[in-house]
Amino acid sequence: MNSRLVSIGLPDLRGANGFGFDEASWIPAVLDMALMFSGVFCVFLNARFGPRRILLPCAAVFTIVSLALPFSPNLWVMLLLQAIAGLSSGTFYSLTLTFALTALPKRLIIWGISAYAADIVFSSNIAEALQGWYAEHLSWHWIFWNAAVFTPLMFLCVYLGIPRHGLPSEPGPNWRGFAYFSLGLALLVGAFDQGERLYWLNSGVIAGMVAAGVFLLLVTCIRRSRQPNPLANLAFLNTRNIIILAISILVFRFVLLVAYVLIPGFLASIPDYRPLETGQTLAWIALPQFALVWLVALVIVHANSRLVMAVGFTVIACASWIFSHVDSSWAGASFQVVELVLTAGLACAYIGMVGSIVLQALDAGALKSAANISTFSGLMHFTRIFGGTAGVAVLTHFISAREKFHSNLLGLHVQTGNWLTTQRLHMFTGGLLPESTGLDESQARGVALLSEQVRAQAYTMAIADGFVLIAWVVLGFLLFMLLLTPGKITYKDLRTMQ
């Protein structure tokens, strides 16, 4: 929710602090880069210190930094604090989910996954409405203070819920390989985040970040070959099912952009919705999750988790195909009925996906070896974080390219001298004349209005293409799922285990 609030509330933050568009775009980018670094590097920290010794101080640091962020005297201080916030909060997702799955009795794992699914989807989709409410009734400071309120509750849960363990007696694994890998990924995440704005490799900044990121990944590979880290068993990942299930995370993060990018982008640009109004539309995705996740979990106990995942992705593809018929007359209510269908698809896809990943981990013996579980956990969290940023970059570039394409096509039919264009301009000029100082101003405003209509139509068609792209990506992955080999364990079997 913190990451979503920063992205959604960026216009309010820019306006309150007088930041320019380009410089302020680094505020969420730095947060994502720090999250990427911390989310992978904490695999090493977890093996050395355990989750409790990491989560408690990180939660305290994140709370203090979140309180201080609105008082940043300039952009550089805010970026530094954002980096600290990302480094501390990046440990939360990786360590809490890993702990929950390893600490819960096996018969209760599916219910833990369901609770996690409800939390993730709800918090991500309710953030728009929450930020709108903060902006209208409180202040932009609550973009950051929201985390300062809720993180102490997490601190309490970690303090009471995660037991104390002693430090390992043997020397800890070397941290350098993890640091190189994490930093390389963080630089690539920053390049993906800022690439569209800076015209990709035409920018020296992006080219430098990509070159440094790739160099660090190569250094990681060289170090791995010369001095293997005992926490990383890459051979364990070299199985068909693990690779396909890791790709499923990438696909799921990509389809989430229906609610993160496509619907909010359309509502903000075409009907000119405020964040609070957009949030009310997205609430149709968030609120039903609390009931649906338990029903899906019950189905998985008596059925196949992969089948449930396939059904979920199919429903998402169908909902995206329906959304692809969007036109400029649509408003928030136009999305709501299909959003209920999309909600069911997201619940089935997420719980079925994580449920299948857990079964695969149990089937492959990941929980029997510290190296295997750390390697497996690192892969899944890497695909989650990196896949989300890469997906946003790909979809944003796709929409931008398609908008230019449709604008050019529409421009072929909107030409000076064309009788339809002339008729539309005369209509605009006559309608605007009473509110203009003269005929010249009325004509200029008419041309601007026609240009805005062309832009709105081109953007609407680009958004429709985005929905089609997501539907085709899901269809391709469903065909890829046919390569999964049958699993040996089901959740019905786990009901008898402790």
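First things first, this report covers the structure right here in the doc. Since we're looking at a predicted model, the values are computed, not measured.

A short note on the overall build of the chain
Thinking step 1. Along the chain, the regular secondary structure elements total 20 helices and 0 strands.
Thinking step 2. Every one of the 498 residues in the chain was classed for burial, and the buried ones make up 50%.
Thinking step 3. Of the accessible surface of the chain, which amounts to about 22800 Å², a share of 68% is contributed by carbon and sulfur atoms.

As for helix α6 (residues 75-103)
Thinking step 1. Spanning 29 residues, α6 covers 42 Å between terminal C-alpha atoms, matching the ideal 42 Å at 1.5 Å per step.
Thinking step 2. For α6, the side-chain oxygen to backbone nitrogen distance between the N-cap and W76 is 3.1 Å, and the N-cap itself is N74.

Considerations on the pattern of salt bridges
Thinking step 1. The final tally for this structure, using the stated rule, is 3 salt bridges.
Thinking step 2. Between E136 and R274 there is a salt bridge, and its shortest N-O distance comes to 2.7 Å. With E136 in helix α7 (residues 109-137) and R274 in the loop between α12 (257-269) and α13 (275-286), this pair connects stretches of sequence that are 138 residues apart.
Thinking step 3. Among the residues examined, E136 registers a relative accessible area of 39% and is labelled partly exposed.
Thinking step 4. Taking the shortest distance from any N to any O, the salt bridge between D465 and R402 comes out at 2.8 Å. Within this pair, whereas D465 is found in helix α19 (residues 439-481), its partner R402 is found in helix α17 (residues 370-411), the two being separated by 63 residues in sequence.
Thinking step 5. Since its relative accessible area comes to 17%, D465 is described here as buried.

Thoughts on the packing of helix α11 (residues 240-255) against helix α16 (residues 332-364)
Thinking step 1. Where α11 contacts α16, the axes come no closer than 10 Å and their chain directions differ by 155°. One way to sum up the angle between α11 and α16 is to call them roughly antiparallel. For α11 against α16, the interelement crossing comes out left-handed. Across the interface between the two elements, N241, I242, L245, S248, I249 and F252 of α11 pack against L346, A349, Y350, M353, S356, I357 and Q360 of α16.

Comments concerning the nonpolar core
Thinking step 1. Of all hydrophobic cores here, the largest spans 82 residues; its most connected members are F252, F313, F323, F335 and Y350.
Thinking step 2. Looking at which element gives the most residues to this core, the answer is α16, with 16 residues.
Thinking step 3. I54, L69, L95 and V158 belong to the second largest nonpolar core, which has 34 residues in total.

Some thoughts on the side chain of S320
Thinking step 1. Tracing the chain through its elements places S320 in helix α15 (residues 305-323).
Thinking step 2. Residue classification places S320 among the buried positions, given a relative accessible area of 1%.
Thinking step 3. What S320 contacts, discounting residues up to four positions off in sequence, is V258, F467, I470 and A471.

Focus on unusual backbone geometry
Thinking step 1. One non-glycine residue, Y199, lies in the positive phi region at around 65°.
Thinking step 2. Topologically, Y199 is positioned in the loop between α9 (176-195) and α10 (204-226).
Thinking step 3. Unlike most non-glycine residues, D272 shows phi in positive territory, near 60°.
Thinking step 4. With respect to the helices and strands, D272 occurs in the loop between α12 and α13.

A closer look at the packing of aromatic side chains
Thinking step 1. Applying the stated criterion to the full structure yields 14 aromatic pairs.
Thinking step 2. Plain terms: the ring middles of W133 and Y134 are 6.1 Å apart, the flat faces sit at 65° to each other, and that makes the pair edge-to-face.
Thinking step 3. Through a chain of ring-to-ring contacts, the aromatic side chains of F71, W133, Y134, W142 and W145 assemble into a single cluster.
Thinking step 4. In this arrangement the basic side chain of R4 is found over the ring face of Y260, its NZ or CZ atom lying 4.4 Å from the centre.

Some points on the environment of P11
Thinking step 1. Tracing the chain through its elements places P11 in helix α2 (residues 10-17).
Thinking step 2. Once the C-alpha coordinates of P11 and W140 are considered, the two residues, 129 residues apart in sequence, prove to be 9.7 Å apart.

Things to note about the side chain of Q82
Thinking step 1. Position of Q82 relative to the elements: it lies in helix α6.
Thinking step 2. In contact with Q82, other than residues within four places in its own chain, are V6, I27, V30, L31, L69 and F144.

Description of helix α8 (residues 142-161)
An α-helical segment advances 3.6 residues per turn. Residues three or four places apart therefore align on the same side.
Thinking step 1. Its 20 residues give α8 an end-to-end C-alpha distance of 28 Å, which sits within 8% of 28 Å, the value for a rise of 1.5 Å per residue.
Thinking step 2. Helix geometry: α8 is bent most strongly at F150, by close to 25°, with proline P152 lying one to four residues after it.
Thinking step 3. Of the positions making up α8, those classed as buried are I143, F144, W145, N146, A147, A148, T151 and V158.

Looking at the packing of α13 against α16
Thinking step 1. Packing of α13 against α16 leaves a shortest axis separation of 7 Å and a crossing angle of 25°. Taken together, the axes of α13 and α16 lie roughly parallel to each other. As α13 packs across α16, the resulting crossing turns out to be right-handed. Counting all contacts with α13, which are made through Q280, T281, L282, W284 and I285, the residues of α16 involved are G332, F335, Q336, E339, L340, L342, T343 and L346.
Thinking step 2. For the contact of α13 with α16, the per-class residue count stands at 7 nonpolar, 5 polar and 1 charged.

Focus: the environment of V394
Thinking step 1. Turning to its location among the elements, V394 is positioned in helix α17.
Thinking step 2. C-alpha of V394 to C-alpha of D193: the two residues are 201 residues apart in sequence and 9.8 Å apart in space.

Considering a nonpolar patch on the surface
Thinking step 1. Nonpolar side chains collect at one region of the surface, where W321, W472, L475, L479 and L482 lie side by side and expose about 600 Å² of accessible area between them.
Thinking step 2. It is α19 that contributes the most residues to the nonpolar patch, 3 residues altogether.
Thinking step 3. Here W321 is to be found in helix α15.

Digging into the state of the cysteines
Thinking step 1. Applying the stated criterion to the full structure yields 0 disulfides.
Thinking step 2. The closest cysteine sulfur to the non-disulfide-bonded C58 is located on C42, 8.6 Å from its own sulfur.

Let's talk about the environment of L69
Thinking step 1. Assignment of secondary structure puts L69 in the loop between α5 (51-68) and α6.
Thinking step 2. Between the C-alpha atoms of L69 and Q82, which are 13 residues apart in sequence, the distance is 7.7 Å.
Thinking step 3. Once residues lying within four places of it in the same chain are set aside, the contact partners of L69 are M78, L81, Q82 and F144.

Analysis parameters
Residues numbered from 1 in each chain as written. Predicted model: local features only at pLDDT ≥ 70, side-chain atom pairs only at ≥ 80, totals over all residues. Heavy atoms only, no water. Helix = DSSP H or I, 4+ residues; strand = E, 2+ residues; numbered from the N terminus. Buried < 20%, exposed > 50% of the residue type's maximum accessible area, 1.4 Å probe, protein only. Areas by Shrake-Rupley, 256 points an atom, 1.4 Å probe, with all protein chains shown as cover. Expected span 1.5 Å × (residues − 1). Polar contact = N/O pair within 3.5 Å; in protein donor to acceptor, adjacent residues only side chain to side chain. Salt bridge = Lys/Arg side-chain N within 4 Å of Asp/Glu carboxyl O. Axes fitted to C-alpha atoms, helices over the stretch in contact; angles between N-to-C directions. Parallel < 35°, antiparallel > 145°, perpendicular 65-115°, else oblique. Left-handed = near helix turned anticlockwise from the far one by under 90°. Contact = heavy atoms within 4.5 Å. Core = buried A, V, L, I, M, F, W, Y, C linked by side-chain atoms within 4.5 Å. Phe/Tyr/Trp six-rings, centres within 6.5 Å; stacked < 30°, edge-to-face > 60°. Lys NZ or Arg CZ within 6 Å of the ring centre and 35° of its normal. Bend = angle between axes of the 7 residues up to and from the residue. Nonpolar A, V, L, I, M, F, W, Y, C, P; charged D, E, K, R; others polar. Patch = residues over 30% accessible without salt bridge, like charges linked within 9 Å, V, L, I, M, F, W, Y side chains within 5 Å. Disulfide = S-S within 2.5 Å.

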